[in-house]
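Overview (structure and organization)
Take a look at the letters that make up each chain.
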Amino acid sequence: MKVLVCVKRVPDTGGGFKLTADGMRVDTTNVGFAISPHEECAVEEAIRIIEKHGGSSTVLTLGPPAAQEQLREAIAKGITGAILLEAEDYESWDPAATAQAIAETVKPLGFDILLFGNESADTCNYQVGLRVAHLLDLPCVTGIKALEIQDNRAIAKREVKEGWEVYEVALPAVFTVKEGINTPRHPSLRGIMSAKKVPIEQKRVTKPSTQLVRKALKKPQEGRQLEILGQGPEAVPKIVEKLRELGAI
Amino acid sequence: MILAILETAKNALSEASLETVTAARDLAQKTNDSVAALLIGKGVRALAASLRGVSAVLIADDERFESYVPEAFAKIAAAAITQKSPKIVLAPGTETGNDLMARVGARLNLGLATNCTEFFVENGALKRVTRSNWGGSLLEEVEILSSPIVLTLAPHAIAAQSANGAAPSVETLSVALSEKEFRVRVRELIPSEKKGISLTDAKVVIGGGRGMGSAEAFQMLEELAALIGNAAVGATRVATNNNWRPHSDQIGQTGAQIAPDLYIACGISGAIQHMVGCKNSKKILAINKDAEAPIFQRADYGVIGDLHQIVPALIAELKRLKGA
Ligand SMILES: Cc1cc2nc3c(=O)[nH]c(=O)nc-3n(C[C@H](O)[C@H](O)[C@H](O)COP(=O)(O)OP(=O)(O)OC[C@H]3O[C@@H](n4cnc5c(N)ncnc54)[C@H](O)[C@@H]3O)c2cc1C
Ligand SMILES: Nc1ncnc2c1ncn2[C@@H]1O[C@H](COP(=O)(O)O)[C@@H](O)[C@H]1O
């Protein structure tokens, strides 16, 4: 079994967003980087498939050289190979452009299972995986929370309002994964050490013309006025009063 | 023409579809255009006549469309766009709506702006849209260079409104489908086993984060929820990643989006990716031992202190009041 998993490097800004002066990007000074939780689960799923069925797994990202950090993290957890499609300007690539570069790279490599996140953490486009599937003419199921491989078929479950849609498709196939499909492991110390030695295949890519062009980023209104009810258990009568006021009790 | 591609659930238009029709009508008014709707599914013909404020309804009613058939639906939607040459195509930004429109965008080599929240019309033409980034924590203004402009509408971005007027004309769209368009299909539908009050239906949601410290500690949140009644317990990603709670309890960008009357956040720092899942709560009460925690900038009421003292004291007080 040959499994591919695609991840995107994004700023990890827990406390709040600071925008750059031109209002076009998230200010990443003093900010760490991460991948989407959906993609973390896709990485975990790739590792589990190989552990169970044998074969190899490859992690791919289209991004700046610094995105090696995300590739090495995946390798440290158990992914066996990595591809970096180097593009400093990756934030201005639209999903069609990203999909085109990924599809061109992976087409000759013959993967059986291609995993993506359901949506990237920052731009949330919901489409790179589907567009890659279209370019490779492969079946695709999105937003899956369960995947089972049986010989040359896959059974994938997608959660909808009414319950679970169970899909069965022939491999090779593309799946976009949602958090909840598994609980991702942490890398072991040995994994982290040996990940440093795994070679990363690098290829420079240039942006084709894009159909979506960002003009500005802005923050939505946040308008809450804080009222401190008190400190410690002494605040309980005040909390009860509020619960009454709000009709909660 | 503006083409609204709608989705149905249980033989009715979904709420997101009604919002989409409303947005399409609004756009049509500003661009001096008409609206047509496309309905794909089994038995959708019966729904066509109920649509108002649209001039035409295109129908692809097929016995085989009991559930979503992604590639068949995409082929039909792409055919409708090719035949009718709309200026704008709009669909609901639900999981299925985004799935369908990404397939349509790929087929027709068109850009797709998902989860739009605002539309900017200048001189009768749609120039720009605002779409949600980071699950709604940030908004991005984008220009779409491909034509027609293909968009999905973020759920709840606008309220659905009914319209008056004459019944629309109904037209059957016939698109030849082969085996290939059925290679991805639902083999089985497993109904969800609903137990208790769901996070999205509860009037009060009590969330626990890293400050809870263990799976066992969530027991007191369950007890509090039971005392309040019509309440459910949720969690942060830290809590679900530690296996203190199942992922289905997670609130946030990659979890549930809730909108209760009151959200009580216990031992939660208030990271934007968590808060984007509860920002539609009417009121937010935060219990945190750190007065500097970001959640206090995103809450209506704050209690500073150790939740392991405050929550048991609150439970004791509510019990006392109930007993009295
Ligand atoms: C793309 C992306 C998507 C994400 N999606 C989600 C999501 O869907 N949902 C989500 O929740 N997170 C999500 N996250 C993670 C998010 O950024 C935060 O890491 C997470 O929400 C933090 O959880 P927490 O508040 O429980 O933990 P922490 O940030 O560690 O905060 C714990 C808080 O508890 C307080 N505390 C500790 N002990 C006590 C005590 N005894 N009494 C009172 N207070 C105490 C501390 O003061 C602190 O403020 C996402 C992250 C990324 C990058
Ligand atoms: N620059 C990128 N490099 C690698 N994979 C990507 C990139 N952008 C998006 N993806 C993958 O495509 C998924 C969907 O992205 P999107 O369509 O942007 O929401 C992500 O979860 C990733 O798995």
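Numbers given to residues run from 1 along each chain, matching the order in which its sequence is written. Whichever chain is written first becomes A and whichever ligand is written first becomes 1, with later ones labelled in order. Restriction of local features to residues with pLDDT of at least 70 applies here, the model being predicted, together with a cutoff of 80 or more for giving and counting side-chain atom pairs; totals for whole chains, interfaces and linings are based on all residues. The side-chain figures draw on all heavy atoms in the structure; neither hydrogens nor water molecules are used.

**Topic: the overall build of chain B**
Along the backbone of chain B there are 8 helices and 17 strands. Burial status across chain B gives 56% buried among its 324 residues. Here, two residues are considered to be in contact whenever any of their heavy atoms come within 4.5 Å of each other. Sequence separation of 24 or more characterises 62% of the internal contacts of chain B that already satisfy a separation of 6 or more. Computed with a 1.4 Å probe, the accessible areas rest on the Shrake-Rupley method; for each residue, only the protein chains presented here act as cover. Total accessible area on chain B stands at roughly 13400 Å², and carbon and sulfur atoms take up 48% of it. Runs of E in the DSSP output that reach at least two residues are strands. Runs of H or I that reach at least four are helices, and both are numbered from the N terminus. Under the scheme applied here, a residue whose accessible area is under 20% of the maximum for its type counts as buried, over 50% as exposed, and between as partly exposed, the area being computed with a 1.4 Å probe on protein chains only.

**Considering the environment of B:Pro191**
The residue B:Pro191 is located in strand E12 (residues 186-191) in this model. Owing to a relative accessible area of 60%, B:Pro191 belongs among the exposed residues under this scheme. With residues near it in sequence (within four places) discarded, B:Pro191 still touches A:Glu162 and A:Gly163.

**Some words on the domain arrangement of chain B**
Residues and elements named next belong to chain B. Splitting chain B by domain gives domain 1 (2-182) and domain 2 (204-322). Domain 1 puts 4 residues into the contact, and the matching count from domain 2 is 5 residues. Note on domain 1 versus domain 2: buried area summed over both sides is about 370 Å², and carbon and sulfur give 49% of it. Buried surface area refers to the total accessible area, computed with a probe of radius 1.4 Å, that the two partners give up upon joining, counted for both partners together. A per-residue breakdown of the area domain 1 buries against domain 2 is headed by Trp134, Gly135 and Ser137, which together make up 84% of the total. For each domain, the first and last residues come from an automatic or database assignment.

**Some thoughts on the nonpolar core**
What we call a nonpolar core is a set of buried Ala, Val, Leu, Ile, Met, Phe, Trp, Tyr and Cys residues that are connected through their side-chain atoms within 4.5 Å. Core analysis: the biggest nonpolar cluster contains 95 residues, and A:Leu115, A:Leu147 and A:Phe175 have the highest contact counts within it. For A:Leu115, the contacting residues outside a window of four places in its chain are A:Val3, A:Leu4, A:Val5, A:Cys6, A:Ala42, A:Glu45, A:Ala46, A:Ile49, A:Leu147, A:Phe175 and A:Val177. Counting 36 residues, the second largest nonpolar core, distinct from the first, contains A:Val240, B:Leu221, B:Leu224 and B:Ala225.

**A closer look at the site of ligand 2**
Residues and elements named next belong to chain A. By nearness alone, 19 residues border ligand 2, and Cys6, Glu39, Leu62, Ser120 and Val128 come closest of all. N or O atoms within 3.5 Å of each other form a polar contact, as long as, within protein, one can give a hydrogen and the other can take it, and as long as residues adjacent in sequence are counted only when both atoms are side-chain atoms. Separating a nitrogen atom of ligand 2 from a backbone N or O atom of Val7 is a distance of 3.3 Å. At 2.9 Å, a backbone N or O of Gln127 approaches an oxygen atom of ligand 2. Against a free-state accessible area of 480 Å², the protein chains account for coverage of 98% of ligand 2. Looking at the shell around ligand 2 element by element, the count peaks at 3 residues for strand E4 (residues 56-63). Counted by class, the shell around ligand 2 contains 9 nonpolar, 7 polar and 3 charged residues. Being near a molecule or strand, for a residue, comes down to having at least one heavy atom within 4 Å of it. In this count, Pro and Cys sit with the nonpolar residues alongside Ala, Val, Leu, Ile, Met, Phe, Trp and Tyr, while Asp, Glu, Lys and Arg are called charged and the others, Gly among them, polar.

**Considerations on the packing of aromatic side chains**
Centre distance and the angle of the planes are the two values used to describe a pair of aromatic rings. Each aromatic pair joins two rings of Phe, Tyr and Trp (for Trp, the six-membered one) with centres within 6.5 Å, and gets the label stacked for planes under 30 degrees apart, edge-to-face for over 60, and tilted for any other angle. Inspection of the entire model under this criterion finds 3 aromatic pairs over all chains. Residues A:Phe17 and B:Trp134 carry aromatic rings whose centres are separated by 5.2 Å and whose planes lie at 55° to one another, so their mutual orientation is tilted. Of this pair, A:Phe17 sits in the loop between strand E2 (10-12) and strand E3 (32-34) while B:Trp134 sits in the loop between strand E8 (125-133) and strand E9 (138-144), on two different chains. We classify A:Phe17 as buried; its relative accessible area is 8%. The class of B:Trp134 is buried, set by a relative accessible area of 4%. With a centroid separation of 5.3 Å and 85° between ring planes, the pair formed by B:Tyr68 and B:Phe73 is classed as edge-to-face. Across this residue pair, the class does not change: B:Tyr68 and B:Phe73 are buried.

**As for the side chain of A:Thr123**
Examined against the element boundaries, A:Thr123 turns out to sit in the loop between strand E6 (113-117) and helix H4 (128-136). Judged by relative accessible area, which is 8%, A:Thr123 ranks as buried. With near-sequence residues (within four places) excluded, A:Thr123 lies in contact with A:Lys8, A:Arg214, B:Arg131, B:Ser132 and B:Asn133.

**A word on unusual backbone geometry**
Note the cis peptide between A:Leu171 and A:Pro172, where omega equals 0°. Relative to the assigned elements, A:Pro172 resides in the loop between strand E9 (163-170) and strand E10 (173-177). Omega for the peptide link from B:Ser147 to B:Pro148 comes to 0°, which places this bond in the cis form. Structurally, B:Pro148 can be placed in the loop between E9 and strand E10 (149-153). Not every positive phi belongs to a glycine, and B:Asn32 is a case in point at roughly 55°.

**Points about the environment of B:Leu39**
Residues and elements named next belong to chain B. Along the chain, Leu39 falls in strand E4 (residues 35-41). Spatially, the C-alpha atoms of Leu39 and Ile88 are 17 Å apart, while their sequence positions differ by 49 residues. If we skip the residues at most four places from it in the chain, Leu39 touches Leu6, Thr8, Leu13, Val44, Leu47, Ala48, Leu51, Val57, Leu58, Ile59 and Ala60.

**Thoughts on the site of ligand 1**
Residues and elements named next belong to chain B. Near ligand 1 lie 30 residues; those nearest to it are Arg210, Thr236, Ile251, Ser269 and Gln273. Separating an oxygen atom of ligand 1 from a backbone N or O atom of Gly267 is a distance of 3.0 Å. One of the side-chain N or O atoms of Asp306 is found 2.8 Å from a nitrogen atom in ligand 1. When isolated, ligand 1 has an accessible area of 990 Å², and the protein chains bury 86% of it. Residue assignment for the shell around ligand 1 shows that the elements contributing at least two residues are helix H6 (237-241), helix H7 (272-275) and helix H8 (307-323). Looking at the shell around ligand 1 residue by residue, the class counts come to 9 nonpolar, 15 polar and 6 charged.

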